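As a plain string of letters, each chain reads:
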Amino acid sequence: MTQAEKLIDALNGTFGRHKGYRASHAKGFAATGRFLPASPRAAVEIPLLRSEQPVFARFSVGGGKPAISDKSPTVRGVGLTIGSEVEIWSMALISAPVFFANSGQQLREFLAARVPDPEIGGPNPEKVKAFNAANPNTVPHQEYLKATAPCRCYSTENYHSGHAYGFTLGTPPVDARLLLEPEAGRTGLTDEELADVPDDYLHSAMLATLSDGPARWILKLLVANTKDELLDPTVPWVGKHREVSLGTVEIKELDAGNIHQARVFDPACIPAGVDAPKDEVFPLRSAAYAVSKSRRSEQRS
Ligand code: HEM
């Protein structure tokens, strides 16, 4: 069995196998829009981003359960492609600034500790506690989610890469994490609002937002300081960071055709001027996403 198959089995083991759905970020919907380059031009050179580009996005709730409540204390995600046939930057970002594992084995153990216990009807808290004690690097991700109210709408959420990419065409070259930051800032629901909204509120919230005009985010680089960890996406970067705006992602309408079910946001698809992250997790993703895609395609026919 390949490493990618083992990772997908681990996701299916915790969340179940659901016909036709992604093994992770199973619940979501898609939208279309465009990318507008920063003006004046960004100090970091990425030729693809010099001109306006089409954008396809899929917004999702983390985990492999298609019927998960939008109120769940898990990550929100966005899969994004910027560009068309000639060159595409494909990325999948999450609402937490850091990821929850720094290796394939840790990801599988994280999931194994959360396999629902039939007697409890959910994960066994003792197993989760023991995993966390043995894997303290995974805790900042969980702490962030505990401390952060679910977003009001996907349009008011921050999305992070966790990974540090290399940007080689600027002077000097830099390492940076990506942040897709809502133009109007992040806003979460109050406890009262959270109690009031339905389990599927994120779709209607997005429709309401778009009926007033496009939703906009700034695609930014958070440039690494000298002591920042570049090889471990679970480690927070603390303090101030130089920000470089690459441009604006503008979402105009929802994807009525449901073509997102067939799409894969393959993180390995990166444009000239961007170097792949060098951590242990990044190279595992492309093959895992492909296995998830082939399983959901098989299950649909
Ligand atoms: C070894 C590490 C990882 C594994 C095994 C993994 C696994 C997966 C799988 C199987 C999917 C569904 C793919 C599909 O069927 O198209 C997925 C989607 C996604 N992942 Fe990961 N993932 C990993 C790391 C990450 C990281 C580091 C991030 C971001 C920081 C991330 C963010 C997302 C997002 C946003 C989606 C939804 C994309 C969409 O809408 O299609 N993942 N992941």
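**A word on the overall build of the protein chain**
Along the protein chain, the regular secondary structure elements total seven helices and nine strands. Across its three principal axes, the protein chain shows a C-alpha extent of roughly 60 × 45 × 45 Å. Per-residue burial over the protein chain gives 50% buried out of 301 residues. Within the protein chain, contacts between residues at least 6 apart in sequence are counted, and of these 75% link residues at least 24 apart. Just so you have it, the protein chain exposes about 14100 Å², and 54% of that area is on carbon and sulfur atoms. Each charge sign in the protein chain was given a centre, from 33 positive and 35 negative side chains, and these centres are 2 Å apart.

**Concerning the site of the ligand**
Taken together, 27 residues lie around the ligand, and Arg 22, Arg 58, Tyr 289, Ser 292 and Arg 296 are the ones closest in. Within the side chain of Arg 22, a nitrogen or oxygen atom sits 2.7 Å from an oxygen atom of the ligand. Within the side chain of Ser 292, one N or O atom sits 2.5 Å away from an oxygen atom of the ligand. Among the elements that line the shell around the ligand, the one with the most residues is helix H7 (residues 282-300), at seven residues.

**Here's the deal with the coordination of the iron atom of the ligand**
From the protein, the iron atom of the ligand takes a single donor atom, Tyr 289 (OH), 2.1 Å away. If you trace the backbone, Tyr 289 turns up in helix H7.

**With respect to the packing of aromatic side chains**
The final tally for this structure, using the stated rule, is 13 aromatic pairs. Consider the rings of Phe 110 and Phe 131, whose centres lie 5.6 Å apart with planes at 85°: the pair is edge-to-face. Taken together, the positions of Phe 110 in helix H2 (residues 104-112) and Phe 131 in helix H3 (residues 125-134) put the pair 21 residues apart, joining distant regions of the chain. Like Phe 131, Phe 110 is buried. An angle of 45° between the planes, with centres 6.4 Å apart, marks the rings of Tyr 165 and Phe 167 as tilted. Judged on exposure class, the residue Tyr 165 and its partner Phe 167 are both buried.

**Remarks on the pairing of strand E2 (residues 53-61)**
Here E2 lies mainly inside the structure; eight of its nine residues are buried. Of the pairings in the sheet, the one linking E2 to strand E3 (residues 76-83) comprises seven bridges and is antiparallel in character. Within the sheet, the bridge partner assigned to Arg 58 lies in E3 and is Gly 79.

**Concerning helix H6 (residues 201-211)**
Among all positions in H6, only Tyr 201, Leu 202, Ala 205, Met 206 and Leu 210 are buried. Relative to the axis of H6, the buried residues are bounded by an arc of 160° and lie together on one face. Of the surrounding elements, those touching the buried residues of H6 are strand E1 (27-37), E2, E3, strand E7 (215-223) and strand E8 (243-254). At the exit of H6 stands Gly 213, carrying a positive phi of roughly 135°.

**Quick look at the environment of Leu 202**
Turning to its location among the elements, Leu 202 is positioned in helix H6. The exposure class assigned to Leu 202 is buried, which follows from its relative accessible area of 1%. Setting aside residues up to four positions removed in sequence, Leu 202 forms contacts with Phe 29, Val 61, Asp 70, Arg 76, Cys 151, Arg 152, Cys 153 and Tyr 154.

**A few points about the nonpolar core**
Inside soluble globular proteins, nonpolar side chains tend to come together where they are buried. With 47 residues, the main nonpolar core has Phe 59, Trp 89, Phe 167 and Met 206 as its most contacted residues. The residues contacting Phe 59, other than those within four sequence positions of it, are Lys 27, Gly 28, Phe 29, Ala 31, Gly 77, Val 78, Tyr 154, Tyr 159, Met 206, Trp 217 and Ile 251. Counting 15 residues, the second largest nonpolar core, distinct from the first, contains Leu 7, Leu 11, Phe 110 and Ala 113.

**Considering unusual backbone geometry**
Looking along the chain, the bond that leaves Ser 39 and enters Pro 40 is cis, with omega of 0°. Tracing the backbone through its elements, the reader meets Pro 40 in the loop between E1 and E2. We note that His 25 has phi near 55°; this positive angle belongs to a residue other than glycine. Inspection of the secondary structure puts His 25 in the loop between helix H1 (3-15) and E1.

Quick notes on the rules
Residues numbered from 1 in each chain as written. Predicted model: local features only at pLDDT ≥ 70, side-chain atom pairs only at ≥ 80, totals over all residues. Heavy atoms only, no water. Helix = DSSP H or I, 4+ residues; strand = E, 2+ residues; numbered from the N terminus. Buried < 20%, exposed > 50% of the residue type's maximum accessible area, 1.4 Å probe, protein only. Contact = heavy atoms within 4.5 Å. Areas by Shrake-Rupley, 256 points an atom, 1.4 Å probe, with all protein chains shown as cover. Lys, Arg positive; Asp, Glu negative; His and termini not counted. Charge placed at Lys NZ, Arg CZ, Asp CG, Glu CD. Near = heavy atom within 4 Å. Polar contact = N/O pair within 3.5 Å; in protein donor to acceptor, adjacent residues only side chain to side chain. Donors = N, O, S within 2.8 Å, 3.2 Å for Na, K, Ca; no water. Phe/Tyr/Trp six-rings, centres within 6.5 Å; stacked < 30°, edge-to-face > 60°. Pairing = 2+ DSSP bridges. Arc of directions from axis to C-beta. Core = buried A, V, L, I, M, F, W, Y, C linked by side-chain atoms within 4.5 Å.

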